[in-house]
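Each chain, letter by letter, is given below.
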Amino acid sequence: MRKVTAGLFHSVDGVVADPFNFQFDSFDAELGQGMTTMMTTVDTVLLGRVSYAEWAGYWPNASTDEDFAGFINPVQKFVASKTLTSPLEWQNSTLMDAPLEEFVAGLKERDGGEIAICGSISVTRQLLFAGLLDELTLMTHPVVAGSGRRLFESGDPLTRLVLQEQSRTSKGNVISTYSRLG
């Protein structure tokens with residue numbers, strides 16, 4: 001069975017949206033290396049509508065010298081959306097043809113490499129609480145963002161996680177990888 005993972009940049013106070021607002025001075029070589037390592041095992045990416053729209057407006061035209069552009073443009077991308085219509089313009093992007101949880105459960109059964117959620121806070125939340133997310137990596141920057149969307153919200157269901165791995169980078173980022181308990 002294929003593994004579904006998510007990795008999100010995270011402030012100490014839990015903000016995950018728009019990390020470019022708080023990570024610029026703490027992104028270091030170790031975070032870059034971690035992302036490069038992740039890209040070697042992933043052959044499928046899941047995106048929500050918002051992340052797809054933002055990224056499709058930037059990455060197809062980004063310099064091929066950027067490592068992430070060389071990964072994200074050719075990789076197979078599946079997009080969860082109730083408002084977008086096919087065909088999607090960004091290369092190798094396909095609209096999911098079933099509800100998110102059903103689609104991902106089926107995708108996990110197919111042959112292939114790792115499936116990564118990129119950005120897409122709503123997709124990450126939905127798959128975590130549905131028991132379909134195998135690993136959640138939070139890359140916590142040493143900053144209090146103050147405002148912005150957080151991964152977890154008041155009223156979320158009790159969800160036990162197990163810390164699988166943790167490391168600290170030279171600029172004080174803490175990388176924590178969790179799996180669901182049970």
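Being a predicted model, the structure only gives us computed values, none of them experimental. (Residues numbered from 1 in each chain as written. Predicted model: local features only at pLDDT ≥ 70, side-chain atom pairs only at ≥ 80, totals over all residues. Heavy atoms only, no water.)

### With respect to the overall build of the protein
A tally of helices and strands in the protein yields 5 helices and 8 strands. In terms of C-alpha radius of gyration, the protein reaches 16 Å, essentially the compact-globule figure of 16 Å for 182 residues. The principal-axis extent of the C-alpha atoms belonging to the protein is close to 40 × 40 × 30 Å. When the 182 residues of the protein are sorted by exposure, 43% land in the buried category. In the protein, of all internal contacts separated by at least 6 residues, the share reaching a separation of at least 24 is 71%. For the protein, the exposed area adds up to about 9,700 Å²; of that, 51% sits on carbon and sulfur atoms. When the 14 positive and 22 negative side-chain charges of the protein are each reduced to one mean point, those points stand 6 Å apart. (Helix = DSSP H or I, 4+ residues; strand = E, 2+ residues; numbered from the N terminus. Rg over C-alpha atoms; globule rule 2.2 N^0.38 Å. Buried < 20%, exposed > 50% of the residue type's maximum accessible area, 1.4 Å probe, protein only. Contact = heavy atoms within 4.5 Å. Areas by Shrake-Rupley, 256 points an atom, 1.4 Å probe, with all protein chains shown as cover. Lys, Arg positive; Asp, Glu negative; His and termini not counted. Charge placed at Lys NZ, Arg CZ, Asp CG, Glu CD.)

### Things to note about the packing of aromatic side chains
For the structure shown, the criterion picks out 7 aromatic pairs. Between the aromatic rings of Tyr58 and Trp59, the centroid separation amounts to 4.8 Å while the plane-to-plane angle is 85 degrees, which identifies the pairing as edge-to-face. A relative accessible area of 43% means that Tyr58 is categorised as partly exposed. An aromatic cluster of at least three residues, connected via ring pairs, comprises Trp55, Tyr58, Trp59, Phe68 and Phe71. The cationic tip of Lys77 hangs over the ring face of Trp90; the distance from NZ or CZ to the ring centre is 4.5 Å. (Phe/Tyr/Trp six-rings, centres within 6.5 Å; stacked < 30°, edge-to-face > 60°. Lys NZ or Arg CZ within 6 Å of the ring centre and 35° of its normal.)

### A closer look at the UniProt feature "domain: Bacterial bifunctional deaminase-reductase C-terminal" (unreviewed entry) in the protein
In this structure's numbering, the residues bearing the UniProt feature "domain: Bacterial bifunctional deaminase-reductase C-terminal" (unreviewed entry) are residues 2-173. Along residues 2-173 the backbone is 26% helical and 25% strand, and the end-to-end C-alpha distance reaches 28 Å. (UniProt positions renumbered as here; feature names shortened; annotations may be inferred.)

### What to know about the nonpolar core
General note: in soluble globular proteins, nonpolar side chains tend to be found buried as a group. If you look at the biggest cluster of nonpolar residues, it comprises 24 residues, and the most contacted ones within it are Val4, Leu46, Ile117, Leu127 and Leu133. Secondary structure elements with two or more residues in this core: strand S1 (4-11), strand S3 (76-80), helix H4 (100-109), strand S5 (114-118), helix H5 (121-129) and strand S6 (135-141). Those residues in contact with Leu127, other than ones at most four positions away along the chain, are Val4, Leu46, Leu100, Glu101, Val104, Ile117, Leu132 and Leu133. (Core = buried A, V, L, I, M, F, W, Y, C linked by side-chain atoms within 4.5 Å.)

### Let's talk about the pattern of salt bridges
Oppositely charged side chains can form a pair if their charged atoms are brought close together. Enumeration according to the criterion identifies 7 salt bridges in this entry. Linking Glu114 and Lys3 is a salt bridge whose minimum nitrogen-to-oxygen distance equals 3.8 Å. A residue pair is termed long-range when its members are at least 10 positions apart, and Glu114 in strand S5 and Lys3 in the segment before S1 qualify at 111 residues. When its relative accessible area of 15% is taken as the criterion, Glu114 is described as buried. Across the salt bridge formed by Asp13 and Arg150, the nearest N and O atoms sit 3.3 Å from each other. Of this pair, Asp13 sits in the loop between S1 and helix H1 (29-39) while Arg150 sits in the loop between S6 and strand S7 (161-168), and the two are 137 residues apart along the sequence. Its relative accessible area of 29% is what places Arg150 among the partly exposed residues. The network of salt bridges with shared partners includes Lys3, Glu114 and Glu135. (Salt bridge = Lys/Arg side-chain N within 4 Å of Asp/Glu carboxyl O.)

### Description of unusual backbone geometry
Cis geometry is found at the peptide bond from Ser86 to Pro87, where omega equals 0 degrees. Summarising the element assignment, Pro87 is placed in the loop between S3 and strand S4 (93-95). Unusually for a residue other than glycine, Asp18 sits at a positive phi of about 50 degrees. Here Asp18 shows up in the loop between S1 and H1. Overall, Asp18 belongs to the partly exposed group, its relative accessible area being 37%.

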